[in-house]
Amino acid sequence: MAETATAPERTARTDASGVVHTPAGAAARIVSLVPSITELLFDLGLGDQLVGRTIFCVHPAPQVKAVRSVGGTKALNWDKLKAARPTHVIVNIDETPKELADALGAAGYTVVVTHPVEVTDNIALFRLMGALFGRAAEAEALVDAFNRALAALTDAARAWPSRSVLYLIWREPWMTISRDTYIARMLALVNWLSVPAATGVRYPVIDLDEALLAEADLVLFSTEPFPFGDRHLAAFGEAFPRHAAKARLIDAEMVSWYGSRVLKGLPYLAAFATQTALAAGTDR
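Definitions and limits used
- Residues numbered from 1 in each chain as written.
- Predicted model: local features only at pLDDT ≥ 70, side-chain atom pairs only at ≥ 80, totals over all residues.
- Heavy atoms only, no water.
- Buried < 20%, exposed > 50% of the residue type's maximum accessible area, 1.4 Å probe, protein only.
- Helix = DSSP H or I, 4+ residues; strand = E, 2+ residues; numbered from the N terminus.
- Arc of directions from axis to C-beta.
- Contact = heavy atoms within 4.5 Å.
- Pairing = 2+ DSSP bridges.
- Axes fitted to C-alpha atoms, helices over the stretch in contact; angles between N-to-C directions.
- Phe/Tyr/Trp six-rings, centres within 6.5 Å; stacked < 30°, edge-to-face > 60°.

Chemist: Please set out helix α9 (residues 230-239) residue by residue, giving values where relevant.
Modeler: Among the residues of α9, H232, L233, F236 and G237 are the ones counted as buried. Viewed along the axis of α9, the buried residues span an arc of 140°, placing them on a single side of the element. Facing away from the buried side of α9, by more than 90 degrees, are the exposed residues R231 and E238. Those residues of α9 that are buried lie in contact with α8 (210-215), β7 (218-222) and β8 (247-250).

Chemist: Residues and numbers for the sheet that holds β7, please.
Modeler: Here four strands make up an open sheet; going across it, the order is β6-β5-β7-β8 and the pairing parallel. The open sheet is flanked by β6 (192-194) and β8, the only strands paired with a single partner. Taking the axes of each pair of neighbouring strands and ignoring which way they run, one obtains an average angle of 35° across the sheet. As paired strands, β7 and β8 are joined by four bridges and run parallel to one another. Pairing of L220 across the sheet is with R248, part of β8.

Chemist: Residue-level account of the packing of aromatic side chains, with values.
Modeler: This structure, assessed with the given rule, holds eleven aromatic pairs. Here the aromatic rings of F236 and F240 are separated by 5.4 Å at their centres, their planes lie at 40°, and the arrangement is tilted. Of the two residues examined, F236 and F240, each falls in the buried class. Geometrically, the ring pair formed by Y268 and F272 is stacked, given 5.8 Å between the ring centres and 25° between the ring planes. One end of the pair, Y268, and the other, F272, are both in helix α11 (residues 262-280), four residues apart, so they sit about a helical turn from each other. Given a relative accessible area of 22%, Y268 falls into the partly exposed group.

Right, here's the structure in full:
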């Protein structure tokens, strides 16, 4: 396709690696290696063009079950991938190893790279998928809904004080998030700042000890990638009784899944922050 598109059109078709893609529309056969983007593709009306997904792509149920699995987010079954005959494979910088993305490109597939970090990066993500696959109007509807949801949360959060939160994503070893991650930027919308403040690593291994816990007003146990549950909160309370009241279980899909899930995630986060404040007996 000749590069005669206007600058906004080129921007809409530019992925996170800087590659400007040619729109494929209805001719595209799509494999998504990113669970949250699999959900987004369905919400854009692209379910019929989705020919492959990962075993971790579970939304929307039950429609996603009709799409063949081609493996995990980091390891593919290449035979199943080839059998799906995709034209496009969607990957993510955090979730897809670079070596795998490079191998997909070398195999002749059009690799679409995503990497939302700021919550507002969802706008570019919606428009990228819409522009590539002939769903521009549907993408703009999602943009409008996102802007309304973000404005509502931003308005509500103006009066909320800052709090420090330790967001746990794994155990053995304990792991958390740095402030330059999508999750941390979501939490920042309700004035929750992740600790430790500076790590140099986006998903650092930490020592869960009194010194770190003293920095945190809240300790959030995420439901993925490690499936934290009530028993882990109970064990934390036994191990660190001084900090037991800080522990909360948080639905990780609502704060870590970008794409159309953010339309549910923003009001969820507002309600979660409000309920947490009420339980603590503070304004927010």
